[in-house]
Every structure is written in structure tokens, then in C-alpha cells.
Amino acid sequence: MALQGPIPVTFAMVFPHGCYVVGEVEPVKDFDASAGGRFVQARDKQTGELVWQVAVMDGDPTLKPAQKTVAVKILAPVQPVPPAPMPGLPFTPVEFDGLTVTPYVNAAGRLAYSIKVREMHAPRTTAQTAPTTQTASKAPAGKDAA
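Residues numbered from 1 in each chain as written. Predicted model: local features only at pLDDT ≥ 70, side-chain atom pairs only at ≥ 80, totals over all residues. Heavy atoms only, no water.

Note: predicted coordinates in regions of low pLDDT should not be interpreted at a detailed level. Averaged over all residues, the pLDDT of the chain equals 86, while 85% of them reach at least 70. Here residues 127–146 is modelled with pLDDT under 50, and outside its nearest four sequence neighbours on either side it reaches 9 contacts, counting other chains as well. (pLDDT = per-residue confidence, 0-100. Contact = heavy atoms within 4.5 Å.)

Below you can see the structure in the form of C-alpha cells.
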């Protein structure tokens, strides 16, 4: 099979309704190397970069509450900083670049996905004019027409 290792995907494929930071960016522990109370941060097997993790809430309104929060692993040489909070919002909107997913079978025997990214940033905004009836009907609810 030609498809091996992490599968490259776009942000819109994984989070079509956007996502929001709901936790702190933390280093991921290398459980094999950490011993005797000594913490060793994990490194990505393919790139050698340090691995960080942040909890995000998926904006998809159809997900069950237990499915909404996922961990996103960030590969970076230094601790990534989430975008600044937006006034009036309880959670910080975020986007990621350089996404890959790796399917695996979790402890419950179900298919799950590990999400790794290269960059974290504030959502990009697009300049838009007042939507016409024609363009408004073509844009998905809650999304900017491109």
C-alpha cells in the first residue's frame, strides 16, 4: 500500500465548523524515557521535533458532548503560544496548519485518530462584502463564502 505513516489533511477536513482552545499547551511525556521522577518530553518519531499537546473543542454542533473535546499534538522546537482570547467569547478560536492524522485502535477497541499539526494561529478572516441572496445560499451555514 502506498499510504504509510501520518496522513496529510487540511484544517477544514478535520474541523469544518472550526475549533476552540479549551486547555493549556503542555509538553507530552515520553513514558519510555521518563523514569524515577525524571520527566522527558516526547519527540516525534518522523521529525525529531518536541511534541506539545493542547485540548480543543470541535465546533461541530452534531457531535455528542463526549466527542467534542480532542487533544491536538503540536510539533515545535519551543512551546507554542495560543492566539489571544477574543473579547466576549468563552473559548479562543484557533486554526492549525500542517495537519496529519494517524488512525489507531484505542483501548476500547474503536477506531480513533491522533491529530498532529505544525502550526497554531488565530483563525484567518476573509474580506467579504454584503452577501447577495445568490452567494448567501451557496455558503454553508456559519462559514464565509470563499
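A separate point is the pairing of strand β8 (residues 111–117). Sheet faces and side chains relate simply in a regular strand, where the side chains alternate between the two faces. Counted residue by residue, β8 has 5 buried out of 7 residues, so it is predominantly covered. Bridge count for strand β7 (residues 100–105) against β8 is 6 bridges, and the pairing is antiparallel. Note that in β8 the partner of Thr 100 across the bridge is Lys 116. Where β7 hands over to β8, the hairpin turn is made up of 5 residues, of which Gly 109 adopts a positive phi near 80°. (Buried < 20%, exposed > 50% of the residue type's maximum accessible area, 1.4 Å probe, protein only. Helix = DSSP H or I, 4+ residues; strand = E, 2+ residues; numbered from the N terminus. Pairing = 2+ DSSP bridges.)

Counting residues in each nonpolar core, the largest one holds 20 residues, and the members touching the most others are Phe 15, Val 54, Val 56, Val 72 and Phe 96. Sorting the residues of this core by element identifies β2 (19–21), β4 (51–58), β5 (69–75), β6 (92–97) and β8 as the ones contributing at least two each. Take this core: its biggest share by element is 3 residues, from β4. Residues within four places of Phe 96 in sequence aside, it is in contact with Phe 11, Phe 15, Cys 19, Val 54, Val 56, Val 72, Val 117, Glu 119, Met 120 and His 121. (Core = buried A, V, L, I, M, F, W, Y, C linked by side-chain atoms within 4.5 Å.)

A word on the side chain of Gln 41. The residue Gln 41 is located in the loop between β3 (26–27) and β4 in this model. From its side chain, Gln 41 meets the backbone oxygen of Val 51 in a polar contact 2.9 Å long. Sequence-distant contacts of Gln 41, that is, excluding residues within four places in its chain, are made with Pro 27, Val 28, Asp 30, Leu 50, Val 51 and Trp 52. (Polar contact = N/O pair within 3.5 Å; in protein donor to acceptor, adjacent residues only side chain to side chain.)

Two measures describe an aromatic ring pair: the distance that separates the ring centres and the angle between the ring planes. Overall, the coordinates contain 2 aromatic pairs when judged by the stated rule. Here the aromatic rings of Phe 11 and Phe 15 are separated by 5.6 Å at their centres, their planes lie at 40°, and the arrangement is tilted. Phe 15 matches Phe 11 in its accessibility class, with the two residues each being buried. Seen in terms of ring centroids, Phe 11 and Phe 96 are 6.4 Å apart; in terms of plane orientation they differ by 50°. Their pairing is tilted. Here Phe 96 lies in strand β6 and Phe 11 lies in helix α1 (residues 11–14), a separation of 85 residues in the sequence. (Phe/Tyr/Trp six-rings, centres within 6.5 Å; stacked < 30°, edge-to-face > 60°.)

This paragraph deals with the environment of Leu 50. Among the secondary structure elements, Leu 50 is positioned in the loop between β3 and β4. Taking the relative accessible area as the measure of exposure, Leu 50 reaches 16% and is therefore buried. Sequence separation between Leu 50 and Pro 77 is 27 residues; the distance between their C-alpha atoms is 5.6 Å. Once residues within four sequence positions are removed from consideration, Leu 50 is found in contact with Gln 41, Ala 42, Arg 43, Ile 74, Leu 75, Ala 76 and Pro 77.

Our next topic: the environment of Ala 84. As for its placement among the helices and strands, Ala 84 is situated in the loop between β5 and β6. Residue Ala 84 is classed as exposed on the basis of its relative accessible area of 60%. Sequence-wise, Ala 84 and His 121 are 37 residues apart; in three dimensions their C-alpha atoms are separated by 9.3 Å.

Turning next to the environment of Gly 23. Along the polypeptide, Gly 23 turns up in the loop between β2 and β3. Beyond its immediate sequence surroundings of up to four residues, Gly 23 is in contact with Val 54 and Ala 55.

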